[in-house]
Amino acid sequence: MNKIIAERSTKTIYSDGYRCMKVFNEEYSSSNVLNEAFNQAMAQNEGLSVPKIMEVSEKDGKWTIVSEYINGKSLAQLMEENPENLDSYLELFVDLQLDVHSKRCPTLKRLSDKLHHRIEQTELSATDRFALHTRLESFPNNNKLCHSDFHPSNIIISEDGKPYIIDWSHAVQGNASAETSITYLMFMLNGKLDVAEKYLEIFCKKSGTSVDYVKRWIPITATAMSVNRYPERRDFLMKCVEEGFAEKV
């Protein structure tokens, strides 16, 4: 018997104990479903630890992605249950992210293109949009694999202790520090300010990246996130944009 394990505005996720069935609403486009399945398959082909894609199908206007079911807990849940292990969990989290960044998937969409598009979708003034586009163009247009929704809820630790990275719908190729700023902002949005700073410190130390360099991305990524992911937190994200420009990091 299938059990609901998660519900979102655009999809419901079921499991029968062996398979994970992600069933999308009728209005969710087939191109987005197929793109997510493709991204996950690409990550799997690169040797990353992801649930294996088993099937993609359509019935009664609803598309479904079927993957192997990973029996375990999310890293976010483990962090809440075992706060004394936070540092070691963050070390694992960053190691997994760096492993993703070590891969190359040249057929994926470019992160910079998506960010330019999101900037144009905002209600910011032409002057502010120009400043964001200019800053974005100043960064190296790298081709590292970026999950783009990398947070502890998307890491499942199986019962035997193996980590799996799930939900590849936003995967792109681009600058790893842009994704790092997105992860940093997601911790902030969830009220985990201290965790956000600790995460950034660990990431920058392990990757040899300047904290200031990552934070230079924040006005750009916060703007993009206010459009397509967290419109209800727009005030907070716009404050991050203003502070980012004010600091001139």
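For every chain, the first residue of the written sequence is number 1, and numbering continues from 1 onward in sequence order. For a predicted model such as this one, the threshold for reporting local features is a pLDDT of at least 70, and the threshold for listing and counting side-chain atom pairs is 80 or more; totals across whole chains, interfaces and linings nevertheless cover every residue. Each side-chain value is derived from all of the structure's non-hydrogen atoms; neither hydrogens nor water enter the calculation.

Draft legend 1. Broad picture of the overall build of the protein chain. If you tally the helices and strands in the protein chain, you get 10 helices and 10 strands. The C-alpha extent of the protein chain, read off along each of the three principal axes, is 55 × 45 × 35 Å. Remark: exposure states derive from per-residue accessible area (1.4 Å probe, protein chains only) relative to the maximum for the residue type, with buried under 20%, exposed over 50%, and partly exposed in between. Burial statistics for the protein chain: of 249 residues in total, 47% are counted as buried. Two residues form a contact once any of their heavy atoms are found within 4.5 Å. Of the contacts made within the protein chain by residues no fewer than 6 positions apart, 65% connect residues no fewer than 24 positions apart. Areas reported here follow the Shrake-Rupley algorithm with a probe of radius 1.4 Å; residue values treat only the protein chains shown as occluding. Summing over all exposed atoms, the protein chain offers an accessible surface of approximately 12,600 Å²; the carbon and sulfur share of this is 48%. Averaging the locations of the 30 positively and 36 negatively charged side chains of the protein chain gives two centres separated by 3 Å. Numbering of helices and strands starts at the N terminus; helices are DSSP runs of H or I of at least 4 residues and strands are runs of E of at least 2. Residues scored as charged are limited to Lys and Arg (positive) and Asp and Glu (negative), so that His and the chain ends carry no count. Throughout, a charge is located at the NZ atom of Lys, the CZ atom of Arg, the CG atom of Asp or the CD atom of Glu.

Draft legend 2. Local environment of the sheet that holds strand β6 (residues 72-74). One requirement defines pairing of two strands: DSSP has to find at least two bridges between them. The strand order β6-β8-β9 describes an open sheet built from 3 strands, whose pairing is antiparallel. Two strands bound the open sheet, and with one partner strand each, they are β6 and β9 (163-165). Taking the axes of each pair of neighbouring strands and ignoring which way they run, one obtains an average angle of 30 degrees across the sheet. With 3 bridges connecting them, strand β8 (residues 155-158) and β9 associate as antiparallel partners. Counted as the bridge partner of Ile-155 is Ile-165 from β9. Interaxial angle, 0 to 180 degrees, is taken between N-to-C directions of lines fitted to C-alpha atoms, where a helix line uses only the stretch in contact.

Draft legend 3. Main features of the pattern of salt bridges. Throughout this description, the term salt bridge denotes a Lys or Arg side-chain nitrogen within 4 Å of a carboxyl oxygen of Asp or Glu. Here the structure, examined in full by the defined rule, presents 9 salt bridges. Residues Lys-22 and Glu-36 are paired through a salt bridge, measuring 2.6 Å at the closest nitrogen-oxygen approach. In this pair, Lys-22 sits in strand β3 (residues 19-24) while Glu-36 sits in helix α1 (residues 30-45), placing the two residues 14 residues apart along the sequence. Judged by relative accessible area, Lys-22 falls into the buried class, the value being 11%. On the basis of relative accessible area, Glu-36 is assigned to the buried category, the value being 1%.

Draft legend 4. Expanded view of the pairing of strand β2 (residues 11-15). Within β2, 4 of the 5 residues are buried, which leaves the element mostly enclosed by the surrounding structure. Across 4 bridges, strand β1 (residues 3-7) lies against β2 in antiparallel orientation. The residue bridging Ala-6 from the neighbouring strand is Ile-13, located in β2. Hairpin geometry of β1 and β2 is characterised by an intervening segment of 3 residues between the two adjacent antiparallel strands.

Draft legend 5. Summary view of the nonpolar core. Remark: nonpolar core denotes a set of buried residues (Ala, Val, Leu, Ile, Met, Phe, Trp, Tyr, Cys) joined through side-chain atoms within 4.5 Å. Leu-90, Ile-155, Trp-168, Tyr-199, Ile-220 and Met-225 are the most contacted members of the largest nonpolar core, which totals 59 residues. The element best represented in this core is helix α6 (residues 176-189), accounting for 8 residues.

Draft legend 6. Structural context of helix α7 (residues 193-207). For α7, which comprises 15 residues, the first-to-last C-alpha distance of 21 Å matches the rise-based estimate of 21 Å (1.5 Å per residue) to within 8%. Listing the buried residues of α7 in full gives Val-195, Ala-196, Tyr-199, Leu-200, Ile-202, Phe-203 and Cys-204. The inward-facing, buried residues of α7 contact α3 (86-101), α6 and α8 (211-215). Backbone geometry just after α7 places Gly-208 at a positive phi near 70 degrees. A helix's residues, less one, multiplied by 1.5 Å, set its expected span.

Draft legend 7. Molecular detail of helix α4 (residues 111-121). For α4, the set of buried residues is Leu-111, Ser-112, Leu-115, His-116 and Ile-119. Viewed end-on, α4 has its buried residues packed into an arc of 135 degrees, placing them on one side of the element. By arc we mean the arc of the directions from the helix axis to the C-beta atoms, nothing more.

Draft legend 8. Region of interest: the pairing of β3. Most of β3 is tucked away, with 5 of its 6 residues classed as buried. In the sheet, β2 pairs with β3 via 5 bridges, with the strands oriented antiparallel. Pairing of Lys-11 across the sheet is with Phe-24, part of β3. Here β2 folds back onto β3 in antiparallel fashion, the turn holding 3 residues, of which Gly-17 has a positive phi close to 95 degrees.

Draft legend 9. Molecular detail of the sheet that holds β2. Judged by pairing direction, the sheet is antiparallel, and its 5 strands sit side by side in the order β1-β2-β3-β5-β4 without closing on themselves. The open sheet is flanked by β1 and β4 (53-59), the only strands paired with a single partner. Strand after strand, the sheet turns through a mean of 20 degrees between neighbouring axes, direction not considered. Here β4 runs beside strand β5 (residues 62-68); their pairing, made up of 6 bridges, is antiparallel. Paired with Val-56 across the two strands is Ile-65, which belongs to β5.

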